[in-house]
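In case you want the letters, here they are:
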Amino acid sequence: MVPAALNFPAISPDVFSVTLFGMTFALRWYALAYIAGILIGWRLAVMAVKRAALWRDDTPPMPPEKVEELLTWIILGVILGGRLGFVLFYQPAYYLANPLQIFAIWQGGMAFHGGFLGVIIAAVGFCLKNKVNMAKTADMLALATPPGLLLGRIANFINAELWGRQTDLPWGVVFPGELAQACGQPFGELCARHPSQLYEAGLEGLLLGIVLLWLVFRKGALKTPLLTTGIFVMGYGMARFIVEFFRQPDVQFQTPDNPLGLAYLIGEFGLTMGQTLSLPMILFGLYLILRARRAA
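These numbers come from a predicted model, not from an experiment.

Considering the state of the cysteines
- Taken as a whole, this structure holds one disulfide when the rule is applied.
- Covalent S-S linkage joins cysteine 183 and cysteine 191, the inter-sulfur distance amounting to 1.7 Å. As the torsion about the S-S bond is roughly -55°, the cysteine 183-cysteine 191 disulfide counts as left-handed.
- Its relative accessible area of 18% is what places cysteine 183 among the buried residues.
- Looking at cysteine 191, the relative accessible area reads 0%, which means it is buried.

What follows is the structure, given as structure tokens:
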């Protein structure tokens, strides 16, 4: 047995399920997390645009009723970008051989970095169509995003997916399932892993969200266009880069010679795919912060 390990709580991935005419319909925690995150983000955005004094020249990017229209664009960007990002970044060979599986989103497989690009494309399209200030809109979206990240990562934990590497720390969790228990431990012993989903929830959701709320509502960050966006982008990139040291590596990158599943090896060092995709975010976020401060 693993000393001082925590047993995975007995939580069903389904909030509830009903059977009608021989078919079972279920509301899953992951779907509920998406819905709740979007609704909370929407209310945060509306709260911000209603307070004109928060913005440069006392001018929000759009009236409150326009935020709801933008929400539709953002939802499409998250779903399409997240799915295509997973397909292109993580399993391109599989989906090239099985193209119809690209549309099977109910089987799982979404990538934050792809969803992030999808949101950028959707937001730019909305701003061009409606002649809305892009920098201010980006800041509004940055403020609204962390609640969804927080709830989404908690849902990952409830689903017992995206768990971390093996650990003997007292808060290690014994996740269920054959793959989670395949740590190479002696027969009969349990494998405890880092609850890396909760690390991400705490860093990129809770901590980053609190920082942005404080900067926006207490320090007037929205008066400096793109500052809030830069802090969000760099903050997420840093949080994800750090947590990747504790996450279980992507199985498609693992080989006997590369047990850590590093996507890119440079001598004895390397980067996971998550770290590789996070580095440009860190640099781009830093660029936005410096640009915003120079223009202030």
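Considering the packing of aromatic side chains
- Summed over all chains, the structure comprises 10 aromatic pairs.
- Their ring planes at 80° and their centres at 5.0 Å tell us that tyrosine 94 and tyrosine 95 sit as a pair that is edge-to-face.
- With relative accessibility at 38%, the residue tyrosine 94 sits in the partly exposed group.
- Tyrosine 95 sits in the buried class, given a relative accessible area of 7%.
- Lying over the aromatic face of tryptophan 42, arginine 43 brings its terminal NZ or CZ to 5.0 Å of the ring centre.

Some thoughts on the environment of phenylalanine 284
- Within the fold, phenylalanine 284 resides in helix α9 (residues 273-295).
- Classification of phenylalanine 284 by relative accessible area gives partly exposed; the value is 40%.
- Taking the C-alpha atoms as reference points, phenylalanine 284 and glycine 230, 54 residues apart in sequence, are found 7.4 Å from one another.

Conventions used here
- Residues numbered from 1 in each chain as written.
- Predicted model: local features only at pLDDT ≥ 70, side-chain atom pairs only at ≥ 80, totals over all residues.
- Heavy atoms only, no water.
- Disulfide = S-S within 2.5 Å.
- Buried < 20%, exposed > 50% of the residue type's maximum accessible area, 1.4 Å probe, protein only.
- Phe/Tyr/Trp six-rings, centres within 6.5 Å; stacked < 30°, edge-to-face > 60°.
- Lys NZ or Arg CZ within 6 Å of the ring centre and 35° of its normal.
- Helix = DSSP H or I, 4+ residues; strand = E, 2+ residues; numbered from the N terminus.

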